[in-house]
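# Remarks on the overall topology
As a plain string of letters, each chain reads:
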Amino acid sequence: MTFSQLVWKMAKVNSRKYIFYYLCNSFAVLFFFMFSTVYFNDQVVAVKELESIQDALIIPAVALVVFTVFFISNAHTVFMKSRRKEFGLFITLGMSNRDISKLLLVENGVIGFVSIFSGIVGGAVFSKLFFLLLMNSVGIQGVSFHINSNMFLYSICAFMLVFLFSVGKSLIQILYFNLMDSLKSDKVAETIKMKSPLLGGIGLMVVVGSILLLYFTYATAGDAGGLLLLWTIILLAGLYMCLNQFFSFYIDIAKRNKSYFYRRLLVLTSLDYKFKQLTSLLMLITVMVMVTIFYSTLLLFFYTSVEKQVKEHSPFDIAYIQTETKNNISVHDLYTILDQEEHRITQHLDIPIFNYFQEHPYWEGVHYIYTFMSLEDFNTLTSSQDQLQDGEYLYYINSVPEYAYSNSDYDQGLTFHVGNNQLTYQLKDTKMERHINYLSYVNDIIVVNESDYHFLKNNLETYSANLQLINLNNWKNTIDAAKELENTLSIKNASTPPIEDFRTIYTLEEDLLQLSAKVFDYNREKHTNGIMFFVTIFLSVIFFFGTFILLYLHLFSDIEKEKVKYRKLYKVGITVKEVKKVISQELSFLFFLPTILGATIAYLYIMILATDIGGIMENPSLLVNFFIIASIYHAIQFSYFFYARRKMVVKIMD
């Protein structure tokens, strides 16, 4: 028999092993290719509104690589484990380690090549369907599906690196092949070297302790900063110990109730063995569930709350700064562009302001920047009834209170020099609230009464401007009008001399004159959060499907040993009904303990981090989003569980 004939006969005899191993590798290529269709999408990379997306996708890309390394490595390990007895038999027939290495290279070379081809073909088909489905579901426009060379190159190179590493590790192991261990590999169970109930209890305490410490850090300091990473690393270390020794810990406690323990002896000891055997896999599933549910919940919250956030940060639908020569169009032209039937102007404020730049007394070339507004206009803007005497001022911080920053240059009193006289102004009050869109030089405003306003304007070297603040009754439909206004202002500004004074020392002219339109911010945030939510769901599906395959692969790779175990138990009196019950209980723990644990940790992290935005009860949509995503995740998990249980029962009872 020739070498090639031997390879072919082995492939036919072990067709199920080869097919499953091939499918795992093909799915890995498919995962890479589906993700690359988003990561290397030209519109995602090039469109101006989505400039920040490419960097944001690096974290999911790294997560996918880490997951796929584990996925391919485990699939290859299980495949090689099932072949050890065959390799031992070949050695007894005269094959050398070199021949087995050659056989391994041929098998994996063919499987790798076919996996790449089928994975890319399948990825091209399914990624388009998935892409269109999710893009439409999150309402993203202007991002079309297409394929380019980077998608193929990234998918093939990433897969080949992981695949060759796994095969290379197996080739090295062949050099230290033990013939006797290989021949009896299916007769010997894996040795569990350590059983430590104490370590399991310590792991559980570490998990609980790290979460409590993270919570108290946020509760007392308001921000954990770099400690978030530290507590997470400690939590993961404790989680691994807990999963590895949990059932040893649980059995140690259960033994105190003998009737409870002995009724469940078979299930508990079997789970203790399997949890130690599959600790790395269960750890991966738990972490992936935690990350995907946590990440999906936050991004869904950001996506669904875009309108609320935009309204908070942009109180007016249209806002811009108008000077004597810049952004200066007539009221008639302004209304002609904006006041249309589909979006009528409901409010228009024209508020005079002026800027004053005062040289710093100690730092040459550095200036204090003051923006002044009259009390009358301030009261109109904020619908307040404040009063000021001569020599008094309000320090108005135009920001959302939780993000407001008080500048010490403004809140200790002000001094100005007019000729030989020195004018001193006393702070009466500080106001923090967002009433004006983000525009240059309007974050910190000094409010004085009418007489002081006009006196300072006439006696200091100031730069006058007007705030144009406009609201419309249907701002979401103003995208075309806002673009037309922006274009009109740009053409007008290009025909006038550039600004060359203090105002452009600290900011560019285009930033100073930039049009702030609520619809611009809304569309940009909707695109950004929509694509990130799309990518998260995309990866969640990949991780979910991949972890199920891994768990399924590990469970059914030892199905022959499970048959032998239950056959022996059947001889000593266990019934078919009891066998089905034991199988169901084992699979329930293996399928649902990691997912429930991951979802619980995700919920705790959401609850802790939500303290930055007033707490989870102040943001009920965050809680609703979590339960929706977690419920969908577990509903799909139930279908996988019932499928695997039925398959396991049929295989063992056969």
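Residues numbered from 1 in each chain as written. Predicted model: local features only at pLDDT ≥ 70, side-chain atom pairs only at ≥ 80, totals over all residues. Heavy atoms only, no water.

## A look at the overall build of the protein
Looking only at helices and strands, the protein features 24 helices and 9 strands. A total of 654 residues make up the protein; the buried ones form 48% of that total. By sequence separation, contacts in the protein at least 24 residues apart represent 83% of the contacts at least 6 residues apart. If you sum the accessible surface of the protein, you get close to 32,700 Å²; carbon and sulfur atoms cover 60% of it. (Helix = DSSP H or I, 4+ residues; strand = E, 2+ residues; numbered from the N terminus. Buried < 20%, exposed > 50% of the residue type's maximum accessible area, 1.4 Å probe, protein only. Contact = heavy atoms within 4.5 Å. Areas by Shrake-Rupley, 256 points an atom, 1.4 Å probe, with all protein chains shown as cover.)

## Quick look at the nonpolar core
Counting 116 residues, the largest nonpolar core has Ile293 and Phe591 as its most contacted members. Among the elements that take part in this core, helix α21 (residues 518-557) stands out by supplying 19 residues, more than any other. Apart from the residues within four sequence positions on either side, phenylalanine 591 is in contact with Phe548, Leu551, Leu555, Gln637, Tyr640, Phe641 and Ala644. Core analysis: the second largest hydrophobic core is formed by 27 residues, Ala319, Met373, Leu394 and Leu513 among them. (Core = buried A, V, L, I, M, F, W, Y, C linked by side-chain atoms within 4.5 Å.)

## Side note on the pattern of salt bridges
Overall, the coordinates contain 10 salt bridges when judged by the stated rule. Arginine 524 is paired through a salt bridge with aspartate 521; the nearest N and O atoms lie 2.6 Å apart. Of this pair, arginine 524 and aspartate 521 both sit in helix α21, separated by 3 residues, roughly a single helical turn. Overall, arginine 524 belongs to the partly exposed group, its relative accessible area being 32%. A cluster of three or more residues bridged by salt bridges with shared partners is formed by Glu307, Lys311 and Lys476. (Salt bridge = Lys/Arg side-chain N within 4 Å of Asp/Glu carboxyl O.)

## So, the sheet that holds strand β6 (residues 421-432)
Judged by pairing direction, the sheet is mixed, and its 9 strands sit side by side in the order β5-β6-β4-β7-β3-β2-β8-β1-β9 without closing on themselves. With one partner strand each, in any of the chains shown, β5 (414-418) and β9 (516-517) form the two edges of the open sheet. In terms of strand pairing, strand β4 (residues 392-397) meets β6 through 6 bridges, oriented parallel. By the bridge assignment for β6, tyrosine 395 is matched with threonine 430. Packing against the sheet, helix α16 (residues 331-338) makes contact with β1 (318-322), β2 (345-359) and β8 (462-472), and its axis sits at approximately 125 degrees to β2. (Pairing = 2+ DSSP bridges. Axes fitted to C-alpha atoms, helices over the stretch in contact; angles between N-to-C directions.)

## Looking at the pairing of β2
It is a general feature of regular strands that their side chains alternate between the two faces of the sheet. Sheet analysis places β2 next to β8, joined by 11 bridges and oriented antiparallel. The partner of isoleucine 345 across the bridge, within β8, is leucine 472. One ladder, built from 7 bridges, connects β2 with strand β3 (residues 367-374); its direction is antiparallel. Paired with phenylalanine 357 across the strands is isoleucine 369, a residue of β3.

## Considering unusual backbone geometry
Peptide bonds are trans in most cases, and residues, glycine excluded, mostly fall at negative phi. Unusually for a residue other than glycine, asparagine 327 sits at a positive phi of about 55 degrees. Considering the arrangement of structural elements, one finds asparagine 327 in the loop between β1 and α16. You will see that serine 383, though not glycine, has its phi angle at about 55 degrees, which is positive.

## Some words on the packing of aromatic side chains
Applying the stated criterion across every chain yields a total of 33 aromatic pairs. With centroids separated by 5.9 Å and ring planes inclined at 85 degrees, the aromatic side chains of phenylalanine 32 and tyrosine 154 adopt a geometry described as edge-to-face. You can see phenylalanine 32 sitting in helix α2 (residues 15-39) and its partner tyrosine 154 sitting in helix α8 (residues 149-174), a full 122 residues away along the chain. When its relative accessible area of 0% is taken as the criterion, phenylalanine 32 is described as buried. Here the aromatic rings of phenylalanine 247 and phenylalanine 589 are separated by 5.4 Å at their centres, their planes lie at 75 degrees, and the arrangement is edge-to-face. Linking phenylalanine 247 in helix α11 (residues 227-254) with phenylalanine 589 in helix α23 (residues 576-609), this pair joins segments that are 342 residues apart in sequence. Accessibility expressed as a relative area gives 1% for phenylalanine 247, which makes it buried. Overall, the relative accessible area of 36% leaves phenylalanine 589 in the partly exposed class. (Phe/Tyr/Trp six-rings, centres within 6.5 Å; stacked < 30°, edge-to-face > 60°.)

## Remarks on a nonpolar patch on the surface
Among the surface-exposed residues, Phe117, Val121, Val125, Phe126 and Leu129 lie close enough to one another that they form a single nonpolar patch of about 520 Å² accessible area. Taking relative accessible area as the criterion, leucine 129 reaches 55% and is therefore assigned exposed. (Patch = residues over 30% accessible without salt bridge, like charges linked within 9 Å, V, L, I, M, F, W, Y side chains within 5 Å.)

## Concerning helix α18 (residues 450-459)
Taken residue by residue, α18 has Asp452, Tyr453 and Leu456 as its buried positions. In an axial view of α18, the angular spread of the buried residues amounts to 105 degrees, which keeps them on one side of the axis. (Arc of directions from axis to C-beta.)

## Here's the deal with a positive patch on the surface
A contiguous patch of positive charge on the surface is contributed by Arg263, Arg264, Lys577 and Lys581. Note on placement: lysine 581 falls in helix α23. A relative accessible area of 53% means that lysine 581 is categorised as exposed. (Lys, Arg positive; Asp, Glu negative; His and termini not counted. Charge placed at Lys NZ, Arg CZ, Asp CG, Glu CD.)

## Considerations on the side chain of serine 374
Along the chain, serine 374 turns up in strand β3. Serine 374 gets classed as buried once you look at its relative accessible area, which sits at 2%. A distance of 3.0 Å separates the side chain of serine 374 from the side chain of glutamate 450, its partner in a polar contact. Residue contacts for serine 374: discarding those within four places in its chain leaves Val447, Val448, Glu450 and Tyr453. (Polar contact = N/O pair within 3.5 Å; in protein donor to acceptor, adjacent residues only side chain to side chain.)

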